Amino acid sequence: MKSWLICIDDTDDIATKGTGEIAEEIANLLAQAHLKTKANSDRCWVTRHQLFVHPDIPYTSHNSAMCFRIETHLSVETIKQICVTHLLSESAAAADPGLAILDMTSMYDINALIAFGQSAKVAVKTKQQAYELAAELGIDLTEHGGTGQGVIGALAGLGLRLSGQDGRVKGQLDLGNYAAGVAAELSVADILSMSSLQAVLSDNGDILAIDERVLLSGKVKAVYRQHMFALLVSQHESGWVNASKQTLKAY
Amino acid sequence: MDKWFTYIDGVWRFNFDSEAYLVSREAAQQCNLFLEDDEDEQIDDHLRSCYNCLYRRWRQNGFDCYKKDYATKE
């Protein structure tokens, strides 16, 4: 079984299905195809990676790429066919979709890929740069409509995910009986056991001990930091609370 | 409306940066066309905020409103 990292970008338009939703659907389709030959599959986390916002970049409204990892026996041809079919079916007419597929067991220059991702957060990159790097690293990078400008973000998203220090997890965490409308205090141990998260992190980057307690309220979201899927928390008075959207914005 | 936006090249440009949460909420409260964006793209815990609106397009330091027929309750 191989590990694959898949990233898509620029699939939506205002008032159409978002890129994150399409990524999640592709991940589910791949998982379903995988399950035909395998008994189970690990949870697939889709991460959102913010890219550079600049007048020279034709993003829809926020310029972010969506990335996920999957472990499967499926061949690269099957993986790509599932991704492309869904992209063509669900992308907005005005979109410029890009798709990047990385075989994580291959020999590739991870540092070059991470550097490209980090650069795409602060500088305007070109399609040519993306295609050249993809060819050099053996990454399957393809465009599927419009200008195909999404290949830049798709490749950058792979690098940012691999950096282990970028991105918010799509969606909200399922924490058992916790409901968004009612505040509840849970221990870190409880949060980890109920969510399949790997850590609870303070916004200073410190890992909370398992006996620390966190007051949860509103929507609870995770981030990807220190190569872990983590609940981000902030200090509030004498305790910890889940991070606000204003705090999560920077992730 | 002029209090919050300036009309430039067919879009309404927010007169403030991306940290003016109270102003963003105030503007959205007065807008008939507010529509919440995908939850993953929201950045304000207060839902009715232009920062959370489907029709805002981020700029390097602020955003433009792409709802051409922007209207107020006034």
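Further up the page is the structure itself.
Since the model is a prediction, treat every value here as computed from it, not as a measurement. (Residues numbered from 1 in each chain as written. Chains lettered and ligands numbered in written order. Predicted model: local features only at pLDDT ≥ 70, side-chain atom pairs only at ≥ 80, totals over all residues. Heavy atoms only, no water.)

1. Digging into the overall build of chain B
Helix and strand content of chain B: 1 helix and 4 strands. The helix and strand sequence of chain B, counted from the amino end, reads β-β-α-β-β. Going through the 74 residues of chain B one by one, you find that 50% of them count as buried. Nonlocal contacts in chain B, meaning residues at least 24 apart in sequence, comprise 41% of its contacts between residues at least 6 apart. Just so you have it, chain B exposes about 3,800 Å², and 48% of that area is on carbon and sulfur atoms. (Helix = DSSP H or I, 4+ residues; strand = E, 2+ residues; numbered from the N terminus. Buried < 20%, exposed > 50% of the residue type's maximum accessible area, 1.4 Å probe, protein only. Contact = heavy atoms within 4.5 Å. Areas by Shrake-Rupley, 256 points an atom, 1.4 Å probe, with all protein chains shown as cover.)

2. Examining empty space enclosed by the protein
A full pass over the atoms with the stated rule returns 2 cavities of 30 Å³ or more. Considering only enclosed or pocket space, the second largest cavity measures out at about 40 Å³ in volume. As for the second largest cavity, its lining consists of Arg168, Lys221, Lys245, Leu248 and Lys249 of chain A together with Glu39, Asp40 and Gln42 of chain B. (1 Å grid on protein atoms, 1.4 Å probe; cavity = no way out; pocket = protein on both sides within 12 Å on 5 of 7 lines; lining within 4 Å. Points joined across faces, edges and corners; volume = space filled by probe spheres on them.)

3. Thoughts on the pairing of strand S1 (residues 5-8) of chain B
Residues and elements named next belong to chain B. Judged from the 4 bridges that link them, S1 and strand S2 (residues 11-14) form a sheet pairing that is antiparallel. Residue threonine 6 lies in a different strand from S2, and its bridge partner there is arginine 13. Between S1 and S2, which pair antiparallel one after the other, the connecting turn spans 2 residues, and aspartate 9 there sits at a positive phi close to 50°. (Pairing = 2+ DSSP bridges.)

4. Description of the interface of chain A and chain B
Listed by partner, the interface residues are 26 residues for chain A and 20 residues for chain B. Contact between chain A and chain B buries roughly 1,900 Å² in total, counting both sides, with carbon and sulfur atoms accounting for 43%. Lysine 221 of chain A is the salt-bridge partner of aspartate 40 of chain B, the closest N and O atoms lying 2.7 Å from each other. Across the contact surface, chain A and chain B share 19 residue pairs in polar contact (both at pLDDT 80 or more). Taken together, the elements giving at least two residues each to the side of chain A that touches chain B come down to strand S3 (64-72), strand S6 (168-169) and helix H7 (245-248) of chain A. (Buried area = accessible area lost by both parts, 1.4 Å probe. Salt bridge = Lys/Arg side-chain N within 4 Å of Asp/Glu carboxyl O. Polar contact = N/O pair within 3.5 Å; in protein donor to acceptor, adjacent residues only side chain to side chain.)

5. Thoughts on the side chain of serine 3 of chain A
Residues and elements named next belong to chain A. Within the fold, serine 3 resides in strand S1 (residues 2-9). In this structure serine 3 comes out as buried when scored by relative accessible area, which is 9%. Leave out the neighbours within four places in its chain, and serine 3 touches Arg69, Ile70, Glu71, Leu102, Asp103, Met104 and Thr105.

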